[in-house]
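# Secondary and tertiary structure notes
If you want the building blocks of each chain, they are given just below.
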Amino acid sequence: MVTANKPQDNYKKMFEQAREQVQSRQEKSRVLIGTASCGLAAGAEQVKESFCREIESRGLDVEIIEVGCIGHCYAEPLAIIDKPGFPPVCYGYLDEGLVHRLVEDFIAGDDPSYEYALAALERNDEFPTFEDFPRGVYEKKVILENCGLTDFSKIESYIAREGYSALAKALSEEPKQVLEEVKAARLRGRGGAGFPAGTKWEACMNSSDDEKYVICNADEGDPGAFMDRSILESDPHLVLEGMILCAYAVGARQGYLYIRAEYPRAVEHIQKAIEEARKKQLLGSSILGTGFSFDLQVFQGSGAFICGEATALVNSMEGKMGMPESRPPRLVEHGFRGKPTVLNNVKTFAYVPLIVNRGAKWFKGIGTPDSPGTAVFSLVGKINNTGLVEVPMGTTLRQLIEEVGDGLPEGREFKAVQIGGPSGGCLPESALDVPIDFDSLHEAGAIMGSGGLVVMDQDDCMVAVARYFLEFTQHESCGKCTFCRLGTKHMLDILTGITRGQGDDQTLQLLKELSEDVRDGSLCNLGCTAPNPVLTTLKYFHDEYKAHIEEGRCPALVCRDLILYYIEPPKCSKLCNVCVGSCPTEAIYTRDDGLKAIDQDKCVKCDNCRKACPPEYNAVIKLSPPVLPAEKERKAK
Amino acid sequence: MSEHVNITIDDREIKVRPGEKLLWAALENDIYIPHLCAIKEESRPNASCRLCFVEIDGIDYPVAACTRQVEEGMVVKTRSTKVDRLVKTAFELLLSDHNLKCSECPANRNCALQRIAKERGLKLKHNRFKPIGREFELDDSPAEFAFDRSRCVLCGQCIWADRVGAEAWIFGFANRGIDRVVTTFNNLPLAELKCNECTLCVDACPVGALYYKREQKV
Ligand SMILES: Cc1cc2nc3c(=O)[nH]c(=O)nc-3n(C[C@H](O)[C@H](O)[C@H](O)COP(=O)(O)O)c2cc1C
Ligand code: SF4
Ligand code: SF4
Ligand code: SF4
Ligand code: SF4
Ligand code: SF4
Ligand code: FES
Ligand code: FES
């Protein structure tokens with residue numbers, strides 16, 4: 001039994017200390033640089049160096065802090081300048097020149113150079129905040145609230161914003177309280193399937209076994225998904241606190257974070273966070289001076305996509321081949337080392353401290369009754385604002401794409417949106433008013449999945465898209481069960497044929513039937529969801545399939561076997577020969593009349609000439625079906 | 001716990017051992033359900049061949065019988081439109097990756113695939129799926145038997161016999177996805193490994209992949 005307020009008292013001391021420390025740091029100017037993986041890719045490291053150089057050369061006393069994902073990846077590299085007397089201001093598209101200017105005018109001088117700012121981070125009278133943008137109206141940051149705003153390398157930054165207070169609160173109550181709160185909040189798993197976390201935890205808690213495990217699934221193998229990585233890199237203690245709370249609720253003493261080895265920064269940040277938490281007695285034995293002990297360890301995954309599947313993940317942790325098992329038994333009965341195990345996604349755990357602190361009622365106030373809370377998406381593809389967004393469940397796809405993502409770039413016409421990664425579905429315009437929640441998306445044939453969201457336009461071929469995703473899942477199939485091992489192979493072969501114009505109505509029928517059987521007959525969810533992109537494109541974009549097989553035409557001009565490159569004589573200029581040099585196979589020749597033309601036998605369809613042709617001519621076009629128009633002047637090479 | 005549970009399969013009421021998997025409960029009562037990968041003694045089912053689907057009252061999708069424990073009052077149907085469709089597809093998928101030449105095969109007339117075809121009115125030869133046509137090398141290095149992977153259905157029976165029966169650990173699965181195979185350590189010929197030719201694996205093989213040379217046809 002836990003003594004009355006010992007954890008609370010211990011926490012209070014810790015909190016005061018952290019707050020003082022953080023406040024004293026805030027008395028001088030600070031530059032926060034987004035150095036999550038995507039920031040680094042955009043050159044955040046150089047930006048940081050520029051800041052250091054500029055600041056040093058002026059002898060300024062400024063602290064430079066690395067933070068995680070700020071969420072506006074389209075404008076990377078990003079930094080926030082927080083100078084006493086001003087609201088913190090976020091700047092994007094940074095380069096050496098801009099850094100020079102900001103240091104000179106804002107940090108050394110007193111001009112925040114608002115013309116270069118994206119937004120302020122606190123309400124003020126001078127400059128709008130992110131919430132004032134259309135995007136901000138729809139966005140609701142809950143688990144991303146502090147991503148990119150906090151120094152992930154210091155536990156004090158987390159504690160000073162009341163981090164670990166949920167743990168202190170929970171420890172002064174019975175474990176059952178945590179469970180009841182999570183159950184009442186109707187928190188559903190964010191790893192894709194939306195299974196109620198409370199139900200899982202309760203089953204584990206009720207087990208009489210005294211050896212139990214809590215595991216965080218951070219395998220995140222979907223191509224294009226990076227939100228779990230962002231949270232681990234940017235706010236690691238939030239996830240740790242969620243796991244500790246879970247362990248307290250179910251009675252586990254050991255936990256693991258299964259992080260894919262391709263995420264070295266996430267591993268590094270989490271490991272550092274674990275060490276710091278141990279030092280503060282927030283992890284390890286007698287946490288916050290109570291009788292509760294729990295420790296955490298990082299397990300680095302091998303990287304295979306299937307290892308994200310719950311039973312395969314456990315097998316891989318036990319040193320066996322990462323292959324799924326049939327369930328039941330469920331992991332909460334027979335998990336890691338045969339012991340009751342709770343496995344949840346990174347985001348699922350991240351909600352827990354907030355639910356414990358703010359209450360189930362608060363949580364249910366966001367989102368829909370059956371899918372409370374928020375959804376995190378990474379927006380990519382033909383959309384203006386790419387990046388990580390968090391919106392309340394129930395937001396429609398239209399709002400997400402048009403308002404939060406600021407729509408498609410000029411001249412692009414919406415065709416489809418692919419949600420949920422390779423196991424998700426492709427939805428058309430007519431489905432855009434579907435609210436985003438676990439059940440509505442499922443009904444529409446897509447899934448929440450990993451939260452990948454790709455916007456596609458007229459230049460995307462739906463058959464090629466389906467083929468692309470299926471190629472991924474087929475490649476990642478573990479090969480254990482018949483439907484997935486052989487079914488996805490035949491599906492892929494059929495799709496490949498269609499992209500070459502092969503097939504008839506029966507082929508489409510077979511593809512549909514086989515897809516349904518793979519969905520219904522496979523052993524694990526990889527096979528059961530792999531057909532989603534195929535089934536949804538067959539349903540919503542049937543005409544596009546038909547055009548391929550009946551007319552040998554790819555409407556989006558993507559499928560190589562169904563297009564040819566052609567130089568339109570009226571547009572081509574005799575004064576120009578740019579395309580000639582761009583062609584790797586010397587396929588372009590000069591006709592008798594001095595215009596250029598393509599020798600189809602030599603052309604390998606590399607697209608170079610089309611890109612090279614100057615915009616004022618734009619003479620190179622793609623034709624589908626691949627039939628040359630009749631022409632007067634040809635000849636000559 | 002009571003001594004037995006009562007279940008109904010295809011309108012027949014039977015008494016079966018508590019904890020028993022549905023597949024074995026049916027088979028032991030002479031009710032046939034197609035199966036290749038199930039191992040009675042193994043508590044955790046392979047559940048990989050996907051042939052043993054049945055319908056259980058109250059569950060609106062077909063369930064693999066080798067994965068479900070019997071429960072008092074369970075009502076089961078071994079056939080339905082959905083079951084037949086899944087079994088047909090699984091069967092045809094397996095055969096699309098199978099070197100089908102029964103007349104030359106040592107397992108002819110004693111083959112689990114032929115049995116399934118007969119029981120369920122399915123054709124061994126079909127043209128719904130193009131043959132995948134993987135190429136394998138024959139391993140006829142042991143004195144008594146040989147291993148022709150082109151007939152292997154990846155059921156895992158030989159691996160179980162080899163590990164649990166013979167404790168030899170000669171066989172194992174290798175590779176992922178479509179390349180999955182049963183293989184030996186380093187893919188070495190059986191004769192070069194510590195295989196003592198107990199032939200338990202040969203007896204376990206439900207098809208003509210592991211066979212006695214004396215039964216060879218050509
Ligand atoms: C092929 C496959 C890959 C998966 N990958 C992940 C993953 O990377 N991360 C994850 O949290 N869940 C993944 N899942 C889902 C897990 O099996 C499991 O449902 C989830 O981790 C449970 O956590 P939750 O209830 O919090 O969602 C995957 C499932 C499948 C079938
Ligand atoms: S569905 Fe695919 S990944 Fe899952 S067990 Fe079967 S073969 Fe393996
Ligand atoms: S598409 Fe490539 S290969 Fe063909 S003509 Fe243009 S540059 Fe040459
Ligand atoms: S680049 Fe364009 S305009 Fe110039 S020669 Fe080639 S096709 Fe003609
Ligand atoms: S294993 Fe069976 S189905 Fe295959 S060739 Fe031999 S007898 Fe025919
Ligand atoms: S060799 Fe025979 S027993 Fe072994 S997996 Fe193949 S078919 Fe099954
Ligand atoms: S990772 Fe850079 S803002 Fe998202
Ligand atoms: S016998 Fe049930 S799946 Fe193979």
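This text gives an overview of the structure that appears in the document.

Conventions adopted
Residue numbers here run from 1 along each chain, matching the order of that chain's written sequence. Naming scheme: in the order in which they are written, chains are lettered from A and ligands are numbered from 1. A pLDDT threshold of at least 70 governs which residues receive local features in this predicted model, and a stricter bar of 80 or more applies before side-chain atom pairs are shown or counted, although totals over entire chains, interfaces and linings include all residues. Only heavy atoms go into the side-chain values, all of them from the structure, while hydrogens and water stay out. Residue exposure (1.4 Å probe, protein chains only): buried if accessible area is under 20% of the type maximum, exposed if over 50%, otherwise partly exposed. Counting from the N terminus, the helices are DSSP H or I runs at least four residues long and the strands are E runs at least two residues long. Two strands qualify as a pair provided DSSP detects at least 2 bridges between them. Here, two residues are considered to be in contact whenever any of their heavy atoms come within 4.5 Å of each other. Once two parts are brought into contact, the accessible area they lose, counted with a 1.4 Å probe and summed over both, makes up the buried area. A pairing counts as a salt bridge when a side-chain nitrogen of Lys or Arg comes within 4 Å of a carboxyl oxygen of Asp or Glu. Any pair of N or O atoms that falls within 3.5 Å is considered a polar contact. Within protein, one atom must be able to donate a hydrogen and the other to accept it, and sequence-neighbouring residues count only if both atoms are side-chain atoms. The rule for a residue being near a molecule or strand is that one of its heavy atoms must lie within 4 Å of it. Side-chain classes follow a simple rule in which Ala, Val, Leu, Ile, Met, Phe, Trp, Tyr, Cys and Pro form the nonpolar group, Asp, Glu, Lys and Arg form the charged group, and the remainder, Gly included, forms the polar group. Fitting a line to C-alpha atoms yields each axis, with helices limited to the stretch in contact; the angle taken between N-to-C directions then spans 0 to 180 degrees. Working definition of accessibility: Shrake-Rupley area with a 1.4 Å probe, residue cover restricted to the visible protein chains. Take the far helix as your reference; a near helix turned counterclockwise from it by less than a right angle gives a left-handed crossing, and one turned clockwise gives a right-handed crossing. Throughout this description, the term nonpolar core refers to a set of buried Ala, Val, Leu, Ile, Met, Phe, Trp, Tyr and Cys residues connected via side-chain atoms within 4.5 Å. Each angle gets one of four labels, with under 35 degrees taken as roughly parallel, over 145 as roughly antiparallel, 65 to 115 as roughly perpendicular, and the rest as oblique.

### Some details on the pairing of strand 10 (residues 374-381) of chain A
Residue and element names in this part refer to chain A.
- Of all eight residues in strand 10, six are buried; the element is thus mostly enclosed.
- Inspection of the sheet shows strand 10 paired to strand 11 (residues 387-392) by six bridges, in the antiparallel sense. Residue Ser378 lies in a different strand from strand 11, and its bridge partner there is Leu388.
- For strand 10 and strand 14 (residues 452-457), the ladder comprises four bridges, and the chain directions are parallel. Residue pairing across strands places Leu379 opposite Leu453, the latter belonging to strand 14.

### Concerning helix 4 (residues 157-165) of chain B
Residue and element names in this part refer to chain B.
- The set of residues buried in helix 4 consists of Gln157, Cys158, Ile159, Ala161 and Asp162.
- Close packing links the buried residues of helix 4 with strand 7 (171-174), strand 8 (181-184), helix 5 (200-204) and strand 9 (210-212).
- At the C-terminal side of helix 4, Glu167 shows a positive phi close to 50 degrees.

### Structural notes on the interface of chain B and chain A
- Between chain B and chain A, the contact holds 29 residues from the first and 32 residues from the second.
- For the pair chain B and chain A, the summed buried area comes to about 2,700 Å², and 58% of that belongs to carbon and sulfur atoms.
- A per-residue breakdown of the area chain B buries against chain A is headed by Arg44(B), Leu93(B) and Arg176(B), which together make up 25% of the total.
- At the boundary of chain B and chain A, one finds four salt bridges.
- Note that Glu516(A) is salt-bridged to Arg85(B), the shortest N-O span being 2.8 Å.
- Where chain B touches chain A, the interface holds 14 residue pairs in polar contact (both at pLDDT 80 or more).
- Considering every element that reaches the side of chain B that touches chain A, the biggest residue donor is helix 2 (residues 81-95) of chain B, with six residues.

### Quick notes on the site of ligand 2
- In the vicinity of ligand 2, 13 residues are found, and the nearest of them are Cys478(A), Lys480(A), Cys481(A), Cys484(A) and Cys524(A).
- Classifying every residue of the shell around ligand 2 by side-chain character gives eight nonpolar, four polar and one charged.

### So, helix 10 (residues 227-234) of chain A
- Counting buried positions along helix 10 of chain A gives eight out of eight residues, so the element sits mostly inside the fold.
- Of all the positions in helix 10 of chain A, only Met227(A), Asp228(A), Arg229(A), Ser230(A), Ile231(A), Leu232(A), Glu233(A) and Ser234(A) are classed as buried.

### Structural notes on the sheet that holds strand 1 (residues 29-34) of chain A
Residues and elements named next belong to chain A.
- Ordered in space as 2-1-3-4-5, the five strands form an open sheet in which the pairing is mixed. Each edge of the open sheet is held by one strand with a lone partner, namely strand 2 (62-67) and strand 5 (117-120). If you compare each strand with its neighbour and ignore which way they point, the axes differ by 20 degrees on average.
- Bridge count for strand 4 (residues 89-91) against strand 5 is three bridges, and the pairing is antiparallel. Its bridge partner lying in strand 5, Val89 is registered against Ala120.

### Some words on the site of ligand 1
Residue and element names in this part refer to chain A.
- Around ligand 1, 19 residues are found, and the nearest of them are Gly191, Glu220, Asn344, Asn345 and Thr348.
- Separating an oxygen atom of ligand 1 from a side-chain N or O atom of Lys200 is a distance of 3.0 Å.
- Contact distances for ligand 1 include 2.7 Å between an oxygen atom and a side-chain N or O atom of Asn345.
- Protein contacts shield 87% of the accessible area of ligand 1, which totals 610 Å² for the unbound molecule.
- Those elements that place two or more of their residues in the shell around ligand 1 are strand 9 (341-345) and helix 21 (525-529).
- Tallied by class, the residues present in the shell around ligand 1 amount to five nonpolar, nine polar and five charged.

### Topic: the packing of helix 3 (residues 44-57) of chain A against helix 4 (residues 96-108) of chain A
Residue and element names in this part refer to chain A.
- Put simply, helix 3 and helix 4 touch, their axes get as near as 9 Å, and they point 35 degrees apart. Crossing handedness for the pair helix 3 and helix 4: right-handed. Contacts between helix 3 and helix 4 pair Val47, Ser50, Phe51, Arg53, Glu54 and Ile55 from the former with Glu96, Val99, His100 and Val103 from the latter.
- Of the residues that constitute the contact of helix 3 with helix 4, the class distribution is five nonpolar, two polar and three charged.

### Quick notes on the nonpolar core
- Of all hydrophobic cores here, the largest spans 119 residues; its most connected members are Tyr545(A), Leu22(B) and Leu36(B).
- Those residues in contact with Leu36(B) that sit more than four places away from it in its chain are Cys49(B), Leu51(B), Leu94(B), Ala112(B), Leu113(B), Ile116(B), Val153(B), Cys155(B), Gln157(B) and Pro206(B).
- One finds Ala166(A), Leu179(A), Phe294(A) and Val352(A) within the second-largest nonpolar core, a separate group that totals 82 residues.

### Brief notes about unusual backbone geometry
Residues and elements named next belong to chain A.
- For the bond running from Arg327 to Pro328, omega is 0 degrees, close enough to zero to count as cis.
- Inspection of the secondary structure puts Pro328 in the loop between helix 13 (310-317) and strand 9.
- At the junction of Pro328 and Pro329, the peptide bond is cis and its omega measures out at 0 degrees in the coordinates.
- Take Pro329: it is sitting in the loop between helix 13 and strand 9.

### Regarding the packing of helix 8 (residues 175-184) of chain A against helix 9 (residues 197-206) of chain A
Residue and element names in this part refer to chain A.
- With their axes 8 Å apart at the nearest point, helix 8 and helix 9 run at an angle of 155 degrees to one another. One finds that helix 8 runs roughly antiparallel with respect to helix 9. Helix 8 and helix 9 meet at a crossing whose hand is left-handed. Contacts from Lys176, Val178, Leu179, Val182 and Lys183 of helix 8 reach helix 9 at Ala197, Gly198, Trp201, Glu202 and Met205.
- Split into classes, the residues belonging to the contact of helix 8 with helix 9 amount to six nonpolar, one polar and three charged.

### Examining the side chain of Gln418(A)
Residues and elements named next belong to chain A.
- Following the sequence through the fold, Gln418 ends up in strand 12 (residues 414-419).
- Given a relative accessible area of 0%, Gln418 falls into the buried group.
- Within the local environment of Gln418, its side chain forms a polar contact with the backbone oxygen of Gly421, the two atoms lying 2.5 Å apart.
- Setting aside residues up to four positions removed in sequence, Gln418 forms contacts with Gly424, Gly425, Cys426, Gly452, Leu453, Val454, Met456, Phe469 and Pro533.

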